[in-house]
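Listed below are the residues making up each chain.
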Amino acid sequence: MRRALPGLVVAIALLALWQTWVVAFDIPVYLVPSPLTVARTLVADAALLGRALWVTVQVTLLALAAAVLLGVAIAFAFVQSRWIEAALFPYVVLLQVTPIVAIAPLIIIWVQNPTLSLVICATIVALFPIIANTTLGLRSVDAGLADYFRLQRASRWQTLWRLRVPGALPYFFGGLRIASGLALIGAVVAEFVAGTGGTGTGLAYQILQAGYQLNIARMFAALTLIALTGVLLFVATDLVTRWALGGWHESERVGR
Amino acid sequence: MSAIELRAVEKTWENGVQALRPLDLRVERGEIVTLLGPSGCGKSSLLNIVAGLTEASAGDVSVGPDERIGFVFQQATLMPWARVAANVRLPLDLAGVARAEANARAAEALRRVGLGAFAEVWPRELSGGMQMRASIARALVTEPTLLLMDEPFGALDEITRNRLDDELLRVRREQQLTVLFVTHSIHEAVYLSDRVVVMAARPGRVVAEVAITTDEPRDDAFRVSTTFARHARDLQQALLAAARDADEALA
């Protein structure tokens, strides 16, 4: 609570400033709506925006889950064999550096199911940090402990499960934190692209529609929901990380 | 039957650097033998060869067939993600010992090194000395007959190190251990050893063997005795002579 307080103070101050500015200078609502107008719109359009939010959240969570499963599997394959890594890593990088807006139209054409196509796009965006961090983590084994496992004649499986995997957890969760934000970005961006094709009813689609109708207050309302979703995702990832690493890892120790 | 017998063992690294010149070493059962020398003399490499972590380039390495080896590293090398008891239990877990028995043996090993009350804390919550004790408990839990120790107390303050030296001697009395111990401390070598193997660097080689012969009990009085001082002086002279030879060879 104490840590949240400074942020809360700034938020209230900014909102108050915004409200005063809009009222004092009589800014038209089709340019910048006041925070109170946005709040009223949120309540008035609750049903519409709630449905849209649910669609976006679904796509985001499915994409994040897919990115975690795929990313971890690929990372495991990479550390099992340098050959596999050398063969596949360039393509992982290729996937990472190609802008999703450029690939999304193709995927949306190829994949019939609109939700699935959005999930695929968001997964591609969220995948890289999971692969990169988990691979690094699985490789960053304490040399002394590795020697110890060798001395005890630990099997390959025991070394993986008891040494590499626990050692990789802090790296993995670092990747997860980045990936959770990217999954949301991927979901929204893909839906923007798909939205022009007339499919999807997520928050991005609502923003597009509201834009066409110059319903700027609803745009802001949808934007607020996306931002809040991102914050909630971040907090949730943080909680999971703390639960998993609680106690033993340095990063979870300072100031808690 | 010796616990360890090395004949004409040598080690040359892949880059051509000679880490160890051919040497012979025999450690009898129940003996404490110390490898003493400056850094770079190959004493840790020699220990790793005995443990099987490093392969000798040539020569014969034989460790008694009935010996169970326990190894203690320079660092405690505990798993940070596991509590102390789970760390000590690790070798038993790896060997597939049943959980109940493993727990009992780990608790006993922790008690023996004075960490009975710390079974359920994280390694990072322990001081350096206590982490080392946990590491020793992990080595003792398999009931080894031969303990290989690579400068285990080198990173600790002198007071803690002296206390751990005492505990090592006590444990060794209790369960008839053979110990091969690496150190760069002359005083530690005199205090612990039945025999000290003095080594020199560049290339790594054995320059002298000094038996520490005394009937005095190894305790604080021994540390300030004339016997202790005499042995320490002998070892120091052997080390200095070796260093001088090396300097002359360079010049």
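For the structure itself, consult the block above.
**Points about the overall build of chain B**
Here is step 1: Scanning chain B from terminus to terminus reveals eight helices and nine strands.
Here is step 2: Against the globule reference of 18 Å for 251 residues, chain B gives a C-alpha radius of gyration of 19 Å, in line with a compact fold.
Here is step 3: Judged by the C-alpha coordinates and their principal axes, chain B covers about 60 × 45 × 35 Å.
Here is step 4: Put simply, chain B has 251 residues, and 54% of those count as buried.
Here is step 5: The positive charge centre, built from 29 side chains, and the negative charge centre, built from 35, are 3 Å apart in chain B.

**Section: the side chain of Glu67 of chain B**
Residues and elements named next belong to chain B.
Here is step 1: Following the sequence through the fold, Glu67 ends up in the loop between strand S4 (58-63) and strand S5 (69-72).
Here is step 2: Here Arg29 takes part through its side chain, which lies 3.2 Å from a polar atom of the side chain of Glu67.
Here is step 3: Residues in contact with Glu67, not counting those within four places in the same chain, are Ala3, Arg29, Thr145 and Leu146.

**Looking at the nonpolar core**
Here is step 1: Ranked by internal contacts, the top residues of the largest apolar core, which has 67 residues, are Ile4, Leu148 and Leu180 of chain B.
Here is step 2: Per element, the largest residue contribution to this core is eight residues, and it comes from helix H8 (residues 156-195) of chain A.
Here is step 3: Dropping the residues within four chain positions of it, Leu148 of chain B is found in contact with Ile4, Leu47, Val50, Ala51, Ile69, Gly70, Phe71, Val72 and Leu180 of chain B.
Here is step 4: Core analysis: the next-biggest nonpolar cluster, separate from the first, contains 50 residues, Ile32, Leu164, Leu168 and Leu192 of chain B among them.

**So, the side chain of Glu151 of chain B**
All names here are of chain B.
Here is step 1: Along the chain, Glu151 turns up in the loop between strand S6 (146-150) and helix H5 (158-175).
Here is step 2: Reaching out from Glu151, the side chain makes a polar contact with the side chain of Lys43 at a distance of 3.5 Å.
Here is step 3: Separated by 2.9 Å, the side chains of Glu151 and His184 make a polar contact.
Here is step 4: With residues up to four places along the chain from it excluded, the contact list for Glu151 reads Lys43, Ser44, Gln74, Val182, Thr183 and His184.

**Observations concerning the sheet that holds S4 of chain B**
All names here are of chain B.
Here is step 1: On the basis of which strands lie adjacent, the open sheet formed by three strands has the order S2-S1-S4 and antiparallel pairing. Since the sheet does not close on itself, it has two edges, and those belong to strand S2 (18-28) and S4, each with one partner. Direction aside, neighbouring strands of the sheet carry axes that sit 15 degrees apart on average.
Here is step 2: In terms of strand pairing, strand S1 (residues 2-12) meets S2 through seven bridges, oriented antiparallel. Paired with Thr12 across the strands is Gln18, a residue of S2.
Here is step 3: This element, helix H1 (residues 43-51), spans S1, S2 and S4 of the sheet and lies at about 120 degrees to S1.

**As for the pattern of salt bridges**
Here is step 1: With the rule as written, the count across this model stands at 23 salt bridges over all chains.
Here is step 2: Close ionic contact of Asp238 of chain A with Arg242 of chain A constitutes a salt bridge, the shortest N to O distance being 3.4 Å. Linking Asp238 of chain A with Arg242 of chain A, this pair stays in helix H10 (residues 216-245), spanning four residues, or about one helical turn.
Here is step 3: Of the charged contacts in the structure, one is a salt bridge between Arg195 of chain B and Glu31 of chain B, with a shortest N-O distance of 2.8 Å. On the criterion of sequence distance, the pair formed by Arg195 of chain B in strand S8 (residues 195-200) and Glu31 of chain B in the loop between S2 and strand S3 (32-36) is long-range, its members being 164 residues apart.

**A look at the environment of Ser39 of chain B**
Residue and element names in this part refer to chain B.
Here is step 1: By secondary structure assignment, the location of Ser39 is in the loop between S3 and H1.
Here is step 2: The class for Ser39 is exposed, based on a relative accessible area of 62%.
Here is step 3: For the pair Ser39 and Ala201, spaced 162 residues apart in sequence, the C-alpha to C-alpha distance is 7.3 Å.

**Section: the interface of chain A and chain B**
Here is step 1: Contacts between chain A and chain B engage 20 residues on the former and 16 residues on the latter.
Here is step 2: Carbon and sulfur atoms supply 68% of the area that chain A and chain B bury against each other, a total of about 1,800 Å² over both sides.
Here is step 3: By the criterion of area lost to chain B, the three top residues of chain A are Tyr148, Leu151 and Trp248 of chain A, representing 36% of everything that side buries.
Here is step 4: Summed over the shared surface of chain A and chain B, the number is one salt bridge.
Here is step 5: One salt bridge in this structure joins Arg162 of chain A and Asp93 of chain B, with 3.7 Å as the shortest N-O distance.
Here is step 6: For the pair chain A and chain B, the number of links is two residue pairs in polar contact (both at pLDDT 80 or more).
Here is step 7: Of all elements in the fold, only helix H7 (143-151) and H8 of chain A reach the threshold of two or more residues within the side of chain A that touches chain B.
Here is step 8: The biggest single contributor to the side of chain A that touches chain B is H7 of chain A, with seven residues.
Here is step 9: When the residues that make up the side of chain A that touches chain B are grouped by side-chain class, the tally is eight nonpolar, six polar and six charged.

**Comments concerning the sheet that holds S5 of chain B**
Residue and element names in this part refer to chain B.
Here is step 1: Here six strands make up an open sheet; going across it, the order is S5-S6-S7-S3-S8-S9 and the pairing mixed. Each edge of the open sheet carries a strand with a single partner, namely S5 and strand S9 (205-211). Neighbouring strand axes in the sheet, compared pairwise and without regard to direction, differ in orientation by 15 degrees on average.
Here is step 2: With five bridges joining them, S3 and strand S7 (residues 178-183) adopt parallel strand pairing. Residue Leu36 lies in a different strand from S7, and its bridge partner there is Thr183.
Here is step 3: Each of S3, S8 and S9 touches helix H8 (residues 226-250); the most contacted strand, S9, lies at about 165 degrees to it.

**Here's the deal with the packing of helix H9 (residues 203-212) of chain A against H10 of chain A**
Residues and elements named next belong to chain A.
Here is step 1: Viewed as axis vectors pointing N to C, H9 and H10 meet at an angle of 160 degrees, and their least axial separation amounts to 8 Å. Judged by the inter-axis angle, H9 sits roughly antiparallel to H10. Both H9 and H10 take part in a crossing whose hand is left-handed. On H10, the residues that touch Leu203, Gln206, Ile207, Ala210 and Gly211 of H9 are Arg218, Met219, Ala222, Leu223, Leu225 and Ile226.
Here is step 2: Among the residues forming the contact of H9 with H10, the class breakdown is eight nonpolar, two polar and one charged.

Reading the values: the criteria
Residues numbered from 1 in each chain as written. Chains lettered and ligands numbered in written order. Predicted model: local features only at pLDDT ≥ 70, side-chain atom pairs only at ≥ 80, totals over all residues. Heavy atoms only, no water. Helix = DSSP H or I, 4+ residues; strand = E, 2+ residues; numbered from the N terminus. Rg over C-alpha atoms; globule rule 2.2 N^0.38 Å. Buried < 20%, exposed > 50% of the residue type's maximum accessible area, 1.4 Å probe, protein only. Lys, Arg positive; Asp, Glu negative; His and termini not counted. Charge placed at Lys NZ, Arg CZ, Asp CG, Glu CD. Polar contact = N/O pair within 3.5 Å; in protein donor to acceptor, adjacent residues only side chain to side chain. Contact = heavy atoms within 4.5 Å. Core = buried A, V, L, I, M, F, W, Y, C linked by side-chain atoms within 4.5 Å. Pairing = 2+ DSSP bridges. Axes fitted to C-alpha atoms, helices over the stretch in contact; angles between N-to-C directions. Salt bridge = Lys/Arg side-chain N within 4 Å of Asp/Glu carboxyl O. Buried area = accessible area lost by both parts, 1.4 Å probe. Nonpolar A, V, L, I, M, F, W, Y, C, P; charged D, E, K, R; others polar. Parallel < 35°, antiparallel > 145°, perpendicular 65-115°, else oblique. Left-handed = near helix turned anticlockwise from the far one by under 90°.

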